Amino acid sequence: MISITVAQLEVWIASVIYPLARILAVAASAPFLSNVALPRRARLMLGLALTLAIAPILPPMPDVSPNSGVGLWILAQQILIGVGMGLSMRIIFTAIDMGSAVVAYQMGLGFANFYDPQNTSQTSVVANFMTLLATLLFVTMNGHLIYFAVIAQSFTSIPISATPLHAASWEYLALLGSRIFSTGVLLALPIVVLMMCCNLSLGVLNRVAPQLHLFAIGFPITLMLGFISLALIMGYLAVPLERIFNEGLTTMLAFALPPMPEPPLPQLPGTP
């Protein structure tokens, strides 16, 4: 007769509930996985499948009862780690969104906004287009598979324990928000410089020939030049976006280990 003790049952529960909490927290906060088009039931099934797949290779769980105070603290710790990992990658996609919004305002399309169900907010048409393009490139580069590799590796780099994260981890994550502006501006810089030159030329032309009514012809010119520049840089976006994605995937583990060197990470195909 097979007998199961309470201690064995607690070990089985701990080996599933702790990894599942971290994985579901990542799925709830990371881009692409937290898309509202993905049903919650599908996310839960994905989290359960990934947990059961990596459970045999996980490090030993802490010898703590899951229903104790320490067990609940470990559970909350895993949720915080998962949310931090998801937010660190979301910052990268927010930087792309911000750079696209700058391009839209420079083109004169800042008023062309509509409701984006993915971000549950008003976004410009150009920003939505660039975000969809970045998501397509991310999936094409097998970024969703690297997601799973990073999540599995996080249990080795950031083991499940009652030890709280270092205070510098959350400071590092907060300072990482500055990359939204720096990365976004760098992505939009070629078009911003081109549109600045166009506006300067229109300003000089307005002083030379004020009868041309540049308010009437300036908007079509900037709009046409913006679309042409977008079409020209489209073939060069893969390399910088690939580098940004790799940086975001590395940051998913590095935010919890700021005083230590960044752990090795599988790279997207084509990355040196």
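Above this note sits the structure.
Note that this is a predicted model, so its numbers are computed, not measured.

Conventions adopted
- Counting starts from 1 at the beginning of each chain's written sequence and moves along it residue by residue.
- Local features are withheld for residues below a pLDDT of 70 in this predicted model, meaning they are given only at 70 or higher, and side-chain atom pairs are given and counted only at 80 or more; totals for whole chains, interfaces and linings count all residues.
- Each side-chain value is derived from all of the structure's non-hydrogen atoms; neither hydrogens nor water enter the calculation.
- Secondary structure elements are taken from DSSP: a helix is a run of H or I of four residues or more, a strand is a run of E of two residues or more, and numbering for both begins at the N terminus.
- Working definition: with a 1.4 Å probe on protein chains only, accessible area under 20% of the residue-type maximum means buried, over 50% means exposed, and in between means partly exposed.
- Whether two residues are in contact is decided by their heavy atoms: any pair within 4.5 Å suffices.
- Here, Shrake-Rupley sampling with a 1.4 Å probe gives the accessible areas, and only protein chains in the shown set may cover a residue.
- A helix's residues, less one, multiplied by 1.5 Å, set its expected span.
- Bend angle per residue: angle between axes fitted to the 7 residues ending at that residue and the 7 residues starting there.
- Only the contacting stretch of a helix is used when fitting its axis, a line to C-alpha atoms as for every element, and angles between N-to-C directions run 0 to 180 degrees.
- Throughout, the term roughly parallel applies to angles under 35 degrees, roughly antiparallel to angles over 145, roughly perpendicular to angles from 65 to 115, and oblique to all others.
- It is the rotation of the near helix from the far one that decides the hand of a crossing: anticlockwise by less than a right angle makes it left-handed, clockwise makes it right-handed.
- Side-chain classes follow a simple rule in which Ala, Val, Leu, Ile, Met, Phe, Trp, Tyr, Cys and Pro form the nonpolar group, Asp, Glu, Lys and Arg form the charged group, and the remainder, Gly included, forms the polar group.
- Patches here: salt-bridge-free residues with over 30% relative accessible area, like charges joined within 9 Å, nonpolar side chains (Val, Leu, Ile, Met, Phe, Trp, Tyr) joined within 5 Å.
- Whenever Lys or Arg places a side-chain nitrogen within 4 Å of a carboxyl oxygen from Asp or Glu, that contact is recorded as a salt bridge.
- For our purposes a nonpolar core is just a set of buried Ala, Val, Leu, Ile, Met, Phe, Trp, Tyr and Cys residues, chained together by side-chain atoms within 4.5 Å.

**A few points about the overall build of the chain**
Helix and strand counts for the chain stand at 9 helices and 2 strands. Ordered by position from the N terminus, the helices and strands of the chain form the series α-α-α-β-β-α-α-α-α-α-α. Among the 272 residues that make up the chain, the fraction classed as buried is 42%. For the chain, restricting intrachain contacts to residue pairs at least 6 apart in sequence, the fraction spanning at least 24 positions comes to 78%. Here the chain has roughly 14,600 Å² of accessible surface; of this, 73% comes from carbon and sulfur atoms.

**What about helix H7 (residues 179–208)?**
Here H7 is 30 residues long and its end C-alpha atoms lie 41 Å apart, about the 44 Å a rise of 1.5 Å per residue gives. Along its length, H7 shows its largest kink, about 55°, at Leu189, and proline Pro190 lies within four residues downstream of that point.

**Quick word on helix H5 (residues 143–157)**
With 15 residues, H5 should reach 21 Å at 1.5 Å per residue; the first-to-last C-alpha distance of 20 Å fits that figure. Turning to H5, its buried residues number three or more, namely Gly143, Ile146, Tyr147, Val150, Ile151, Gln153, Ser154 and Phe155.

**A word on the packing of helix H2 (residues 40–54) against H5**
Between H2 and H5, the shortest axis-to-axis distance is 11 Å and the interhelical angle comes to 55°. Considering their axes alone, H2 and H5 lie oblique with respect to each other. Between H2 and H5 lies a crossing of right-handed hand. In contact with Leu46, Leu50 and Ile54 of H2, H5 contributes Phe148, Ile151, Ala152 and Phe155. Within the contact of H2 with H5, the residues separate by chemical class into 7 nonpolar, no polar and no charged.

**Looking at a nonpolar patch on the surface**
On the surface, a cluster of nonpolar side chains totalling about 460 Å² of accessible area is made up of Leu9, Val11, Trp12, Ile13 and Ile17. Within the secondary structure, Val11 sits in helix H1 (residues 6–29).

**Structural notes on the environment of Leu237**
The topology assignment puts Leu237 in the loop between helix H8 (214–233) and helix H9 (238–254). On a C-alpha basis, the gap between Leu237 and Leu187 in space is 8.7 Å, while along the polypeptide they are 50 residues apart. In contact with Leu237, other than residues within four places in its own chain, are Met130 and Leu133.

**A closer look at the nonpolar core**
Counting 55 residues, the largest nonpolar core has Met85, Met89, Val126, Tyr147, Leu241, Phe245 and Met252 as the members making the most contacts within it. Counting residues per element, the ones that place at least two in this core are H1, H2, helix H3 (69–107), helix H4 (125–140), H5, H7, H8 and H9. Take this core: its biggest share by element is 11 residues, from H3. Residues in contact with Leu241, not counting those within four places in the same chain, are Ile96, Ala134, Leu137 and Leu187.

Read these as geometric descriptors, not functional statements.
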